Amino acid sequence: MRRPITKIALSLAATASLTAPASAQQGPVQPITPQERAQGDAANGDIVSQYGGAYTGRQNAYVESVARRVAVQSGLSTDPKAFTVTILDTPIDNAFAIPGGYVYVTRGLLALANDEAELAGVLGHEVGHVAARHSRKRQSTATRNAILGMLGQIAASALIKNTDISNLLGRGIGTGTQLLTLSYSRGQETEADNLGINYLRGATYDTDALASMLADLSNKTALDQRLAGRSTATPAWASTHPEPGKRVAAALERARSVGGTDAPRNRAAYLAAIDGLLYGDNPRQGVVEGRTFRHPDLRISFTVPSGFTLANGARAVAISGEGAQGEFSTSAYAGDFQPYVARVLQALGDKNSAPPPFELRRTRVNGFDAAYTTVEAAGGSGRVDATVFAIAVSPTKAYHFTVVAPLGTGLGPLVDLPASFHTLTAAEAAAIKPRFIRIVTVKKGETIAMIAARMAYPDAQLDRFLALNGLANDAVLKPGDKVKIVGY
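Remember, predicted model here, so these are calculated numbers, not experimental data.

S.K.: Which parts of the structure should I look at to understand the environment of His422?
M.R.: Looking at the secondary structure, you find His422 in strand β15 (residues 422-423). For the pair His422 and Ile300, spaced 122 residues apart in sequence, the C-alpha to C-alpha distance is 5.8 Å. His422 has contacts with Arg299, Ile300, Ser301 and Asn366, leaving out every residue within four places of it along the chain. There is a polar contact of 3.0 Å between the side chain of His422 and the backbone oxygen of Ser420.

S.K.: Got a minute to help me understand the sheet that holds strand β11 (residues 361-365) in this structure?
M.R.: What holds strands together in a sheet is hydrogen bonding between their backbones, with the strands either parallel or antiparallel. As summarised here, the arrangement of the 7 strands in space is β8-β9-β10-β14-β13-β12-β11, forming an open sheet in which the pairing is antiparallel. Edge positions in the sheet fall to β8 (309-312) and β11, since each has one partner strand and no second. Ignoring strand direction, the axes of neighbouring strands in this sheet form an average angle of 20°. Direction of pairing for strand β12 (residues 368-378) relative to strand β13 (residues 383-394): antiparallel, over a ladder of 9 bridges. If you follow Glu376 over to β13, its bridge partner there is Asp385. Packing of helix α12 (residues 337-348) onto the sheet brings it into contact with β10 (324-330), β11, β12, β13 and β14 (397-406), and relative to β13 it is tilted by some 140°.

S.K.: Sorry if this is basic, but what is going on with unusual backbone geometry here?
M.R.: Backbone geometry follows two general trends: most residues other than glycine have a negative phi, and most peptide bonds adopt the trans configuration. Although it is not a glycine, Asn266 adopts a positive phi angle of roughly 55°. Overall, the relative accessible area of 30% leaves Asn266 in the partly exposed class.

S.K.: Even after reading the chapter, I still don't get the nonpolar core, so can you show me in this structure?
M.R.: Nonpolar side chains in soluble globular proteins tend to end up buried together. If you look at the biggest cluster of nonpolar residues, it comprises 74 residues, and the most contacted ones within it are Val105, Ile437 and Phe465. With 8 residues, the single largest contributor to this core is helix α5 (residues 116-131). In contact with Val105, not counting residues within four places along its chain, are Val63, Thr86, Ile87, Leu88, Asn94, Ala95, Leu110, Leu119 and Leu123. Counting 23 residues, the second largest nonpolar core, distinct from the first, contains Ile319, Ile391, Phe401 and Phe421.

S.K.: Can you help me understand helix α8 (residues 186-202) in this one?
M.R.: Taking 1.5 Å as the rise per residue, α8 with 17 residues should run 24 Å; its terminal C-alpha atoms sit 24 Å apart, in good agreement. Of all the positions in α8, only Gln188, Glu189, Glu191, Ala192, Asp193, Asn194, Leu195, Gly196, Ile197, Tyr199 and Leu200 are classed as buried. Just past α8, the residue Thr204 takes up positive phi, approximately 60°.

S.K.: What should I look at first to understand the packing of helix α3 (residues 60-71) against α5 in this one?
M.R.: For any two helices packed against each other, one specifies the inter-axial angle together with the distance between the axes. Orientation of α3 relative to α5, taken along the N-to-C sense of each, is 55°, at an axis distance of 9 Å. Overall, the two elements α3 and α5 adopt an arrangement that is oblique. In this structure, α3 meets α5 at a crossing whose hand is right-handed. Across the interface between the two elements, Tyr62, Val63, Val66, Ala67, Arg69, Val70 and Ala71 from α3 touch Glu116, Leu119, Ala120, Leu123, Gly124 and Val127 from α5. Looking at the contact of α3 with α5 residue by residue, the classes come out as 10 nonpolar, 1 polar and 2 charged.

S.K.: Even after reading the chapter, I still don't get the packing of α5 against helix α9 (residues 209-227), so can you show me in this structure?
M.R.: Between α5 and α9, the least distance of the axes is 8 Å, while the angle of their chain directions is 90°. Here α9 runs roughly perpendicular to α5, going by the angle between their axes. Taken together, the residues of α9 that come into contact with α5 (itself represented by Ala117, Glu118, Gly121 and Val122) are Ala209, Leu210, Ser212, Met213 and Asp216. Considering only residue class, the contact of α5 with α9 consists of 5 nonpolar, 2 polar and 2 charged.

S.K.: How should the packing of aromatic side chains be read in this particular structure?
M.R.: In this description, an aromatic ring pair is defined by two values, namely the gap between the centres and the angle between the planes. Evaluated as defined, the whole model comprises 16 aromatic pairs. On the basis of an interplanar angle of 20° and a centroid distance of 5.6 Å, the ring pair of Phe328 and Tyr399 is categorised as stacked. In this pair, Phe328 sits in strand β10 while Tyr399 sits in strand β14, placing the two residues 71 residues apart along the sequence. For the pair Phe328 and Tyr399, one class covers both residues: buried. Where Tyr333 meets Tyr340, the ring centres are 5.8 Å apart and the plane angle is 85°; that geometry is what we call edge-to-face.

S.K.: Teacher, can you tell me more about the pattern of salt bridges here?
M.R.: In total, this model carries 20 salt bridges according to the counting rule given. Where Asp206 meets Arg265, a salt bridge forms, and the shortest distance between an N and an O atom there is 3.4 Å. Here Arg265 lies in the loop between α10 (244-258) and α11 (267-274) and Asp206 lies in the loop between α8 and α9, a separation of 59 residues in the sequence. Among the charged side chains, a network of salt bridges with common partners joins Asp115, Glu118, Asp206 and Arg265.

S.K.: Would you explain the sheet that holds strand β17 (residues 482-487) in this entry?
M.R.: Strand order in the open sheet made by the 3 strands is β4-β16-β17, with antiparallel pairing throughout. Edge positions in the sheet fall to β4 (278-279) and β17, since each has one partner strand and no second. As paired strands, strand β16 (residues 435-441) and β17 are joined by 6 bridges and run antiparallel to one another. Of the residues in β17, the one forming a bridge with Phe436 is Gly487. Of the strands in this sheet, β16 and β17 are in contact with α11, which crosses β17 at around 15°.

S.K.: Which parts of the structure should I look at to understand the confidence of the model for the chain?
M.R.: Reading predicted coordinates in detail is not appropriate for stretches of low pLDDT. Per-chain confidence: the chain averages 84 in pLDDT, with 81% of residues scoring 70 or above. With pLDDT under 50 throughout, residues 4-23 is counted as low confidence; its partners more than four residues away or in other chains account for 29 contacts. Counting interchain partners and residues more than four positions distant, the pLDDT-below-50 stretch residues 232-240 has 25 contacts.

S.K.: Please clarify how α3 should be interpreted in this entry.
M.R.: Along an α-helix, residues three or four apart share an orientation, since each turn contains 3.6 residues. Over its 12 residues, α3 runs 16 Å from end to end, which matches the ideal 16 Å to within 8%, given 1.5 Å per residue. Among the residues of α3, those classed as buried are Tyr62, Val63, Val66, Ala67, Arg68, Val70 and Ala71. Its buried side turned inward, α3 meets β1 (84-88), β3 (102-106), α4 (107-112), α5, α8 and α11.

S.K.: Which parts of the structure should I look at to understand the side chain of Gln50?
M.R.: Tracing the backbone through its elements, the reader meets Gln50 in helix α2 (residues 34-50). Assessed through its relative accessible area of 2%, Gln50 is described here as buried. Separated by 2.4 Å, the side chains of Gln50 and Asp46 make a polar contact.

Cut-offs applied
- Residues numbered from 1 in each chain as written.
- Predicted model: local features only at pLDDT ≥ 70, side-chain atom pairs only at ≥ 80, totals over all residues.
- Heavy atoms only, no water.
- Helix = DSSP H or I, 4+ residues; strand = E, 2+ residues; numbered from the N terminus.
- Contact = heavy atoms within 4.5 Å.
- Polar contact = N/O pair within 3.5 Å; in protein donor to acceptor, adjacent residues only side chain to side chain.
- Pairing = 2+ DSSP bridges.
- Axes fitted to C-alpha atoms, helices over the stretch in contact; angles between N-to-C directions.
- Buried < 20%, exposed > 50% of the residue type's maximum accessible area, 1.4 Å probe, protein only.
- Core = buried A, V, L, I, M, F, W, Y, C linked by side-chain atoms within 4.5 Å.
- Expected span 1.5 Å × (residues − 1).
- Parallel < 35°, antiparallel > 145°, perpendicular 65-115°, else oblique.
- Left-handed = near helix turned anticlockwise from the far one by under 90°.
- Nonpolar A, V, L, I, M, F, W, Y, C, P; charged D, E, K, R; others polar.
- Phe/Tyr/Trp six-rings, centres within 6.5 Å; stacked < 30°, edge-to-face > 60°.
- Salt bridge = Lys/Arg side-chain N within 4 Å of Asp/Glu carboxyl O.
- pLDDT = per-residue confidence, 0-100.

Okay, here's the thing in structure tokens:
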């Protein structure tokens, strides 16, 4: 049984008076231009690499067909082959599109969606941003932010409220390419929602699907925050998007106005397509388990303090929390900490100028040589401390933590972070295994609790199961129902 979306939306937005839905884009849409195609071509490779590369599972052809079916409704092109669709190998729940016909969806979002129409609704929203030329209208903005807002990069992480911190790290991590999917205004988000719903109607999908996908996302985000000990944190995507409850209610209202709320959702086909999808972190890129990051191939691990969260990216691991923000990464090392730390500091500032003067201090961390420095740096609206703490595990290999915290606090609440770094034994590394989405059929006599107990997690199995399947706490399954679990 799906969550009662209408009831949830109206209860969360009880104090909001729903006016007539904002009108979606009017008039003919300008087709993809040669300039936009060239812009997308230039950015595509770097975007894919930064999001963990392209996922090459058997889901590709299916997802491509769904994305193209909804994208042609936009007017950007009547040729489905004009749209290049990529599944990104990251567990982050995200989707976005850039000019030139490029559409991206993460395998994390594929796992969260519960039917084909929900996937189509999210992709329709993202294509709507491109069709409305929202990025062209916001060229002065330089941060990525897709419908779900959870970035594969650390840059400008919305989980950190201190803009000084996020701005500084954002420069350090930079992409090297034009940031094509921008942080949109709430009005633009509403317009993209409306366009996405229109596209659902044109592609003959249930127009309620975008609302149910947004509700699924809100519930999943709340669970992730609660499991990380940050139950009061604002969802990352809510900072620039309409308030979640109001947004779901508005999407439902829009769906009613355009019709098509009884069109197909294609749940059976969708579940069959995602059966066997890699879930969570890819061990080849390291895994995040609660507050701990472990990499079986590199055989390293570290743990962040309570209240902090980790997000694993292709080039760095994001560390987010109140009072500090950081990253864990690596760089070329030849046995000398001085140039190593200098390069990291330089990356935080203007790459065309020399790094600031710094005093390097030496220490040891769990048997390894280490060095660190803290410098004062300019944030968005004030001065901050930027600390680089490097640890050498061999004469040719080193890793480093970069932490930005309020001025005068050094590592701030992350003071114990470097000491948590250690190596894994061969047995510990071998025990890290990938997880996959498995579609199971409910048998007679089976309860939700019984099925949830099969989730491949040591904690919160029931909560994870409910969020993964978009189920209410009081849901009742019947024999023959198909649901998702996570297994090895």
